[in-house]
Amino acid sequence: MSRLPDFEALAMVARLAEEGSFAAAARALGVSVATVSRAVTRLEERLGGRVFNRSSRRLALTDLGRIVAERAARTLCEAEEAEAAGRELASQPRGLVRLAVPMSFGLRRVAPVLPDFLRRYPDISLDLHLGDAVVDLVGEGFDAALRIAVLEDSALVARRLCPVARLVVASPAYLARHGRPQHPRELAAHRCLGYAYRARGDAWRFIGPDGEEIAVIPTGPLRVTNVDALVPTVLDGLGIAEVPDFVVAEHLAAGRMEVVLPGWRMALGGLYFITPTARHRPAKVEALAAFLAERLSVPG
């Protein structure tokens, strides 16, 4: 396979032919005279002939140099136009954004605000992926994701939008029938419902009023891949579940569920807007990040 053209040297030759001197070309390009001189020498060695005849007072294109410089100038102009078009596209919020969102949160909180986003940014289109499994942003081609977690160290860039508490809940009927646990260790004797995609594994981790930390691995008759699927079983009095607060807020307010172990708390998680990198993020992604921070910054 042949080598790529030496685009840097070609660009410098084009500018040198236009400016007429190494010093002027170096100033126009923002580099040193030595850099321009080395590029010309490199290109001449590659081509096997002189591009410029040089003397202490005069710089003149050879016949070979004239042909190379003319074509290099066209290439440089097209490259500058390509960069300008790219900058304009990157600076304007337009294009497709692929966003991955947990299903329950996406249906409750994200989907209802999307009409406002699409009205505000008519040149942006969204590909909304709803699912609880953690996606590989880079490998699966996503621009961004929302994640609810106690975020571990990551190579990804995360912006915290709001806190999300996790609660252990049961129905009054379940607690009346099976008793109310007073310590996390007592959960071993209860029917606990599981969520397959917990960010930190199967263990439920508690912090007591005196700072005691304890992790328990509960067992029970149901394990799901979406937290909403736990709600009917909890409401029917068949088990205890650990869920994000937004999933059960209405049931707690109506008295259909109660918080179990109210003196104990779990590590406070958050809702995060995550991207592969913070550098050179397109305007369309920045616009979505700012909009979601505006609309989701208050827990709901």
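Preceding this paragraph is the structure being described.
Conventions we followed
Residues numbered from 1 in each chain as written. Predicted model: local features only at pLDDT ≥ 70, side-chain atom pairs only at ≥ 80, totals over all residues. Heavy atoms only, no water. Axes fitted to C-alpha atoms, helices over the stretch in contact; angles between N-to-C directions. Helix = DSSP H or I, 4+ residues; strand = E, 2+ residues; numbered from the N terminus. Parallel < 35°, antiparallel > 145°, perpendicular 65-115°, else oblique. Contact = heavy atoms within 4.5 Å. Nonpolar A, V, L, I, M, F, W, Y, C, P; charged D, E, K, R; others polar. Core = buried A, V, L, I, M, F, W, Y, C linked by side-chain atoms within 4.5 Å. Buried < 20%, exposed > 50% of the residue type's maximum accessible area, 1.4 Å probe, protein only. Pairing = 2+ DSSP bridges.

Caption draft 1: Up close: the packing of helix α2 (residues 22–29) against helix α3 (residues 33–47). α3 packs onto α2 with a crossing angle of 105° between their chain directions and a minimal axis gap of 8 Å. For the element pair α2 / α3, the angle class is roughly perpendicular. Listed contacts from α3 to Phe22, Ala23, Ala26 and Leu29 of α2 are Val33, Val36, Ser37 and Val40. Its residues assigned to classes, the contact of α2 with α3 shows 7 nonpolar, 1 polar and no charged.

Caption draft 2: Molecular detail of the nonpolar core. The biggest cluster of nonpolar side chains holds 39 residues, and the ones touching the most others in it are Phe105, Leu146, Leu271, Phe273 and Leu292. A total of 8 residues in this core trace back to one element, the largest contributor, which is helix α10 (residues 283–296). Phe105 has contacts with Val110, Leu146, Ile148, Phe246, Leu271 and Leu296, leaving out every residue within four places of it along the chain.

Caption draft 3: Up close: the pairing of strand β7 (residues 166–170). As judged from the 4 bridges shared by β7 and strand β12 (residues 240–244), these two strands associate in the antiparallel manner. Looking at the pairing, Leu167 lines up with Val243 of β12. Note: β7 against strand β13 (residues 258–259), 2 bridges, orientation antiparallel. Residue Ala170 lies in a different strand from β13, and its bridge partner there is Glu258.

Don't take any of this as a statement about function, it's just geometry.
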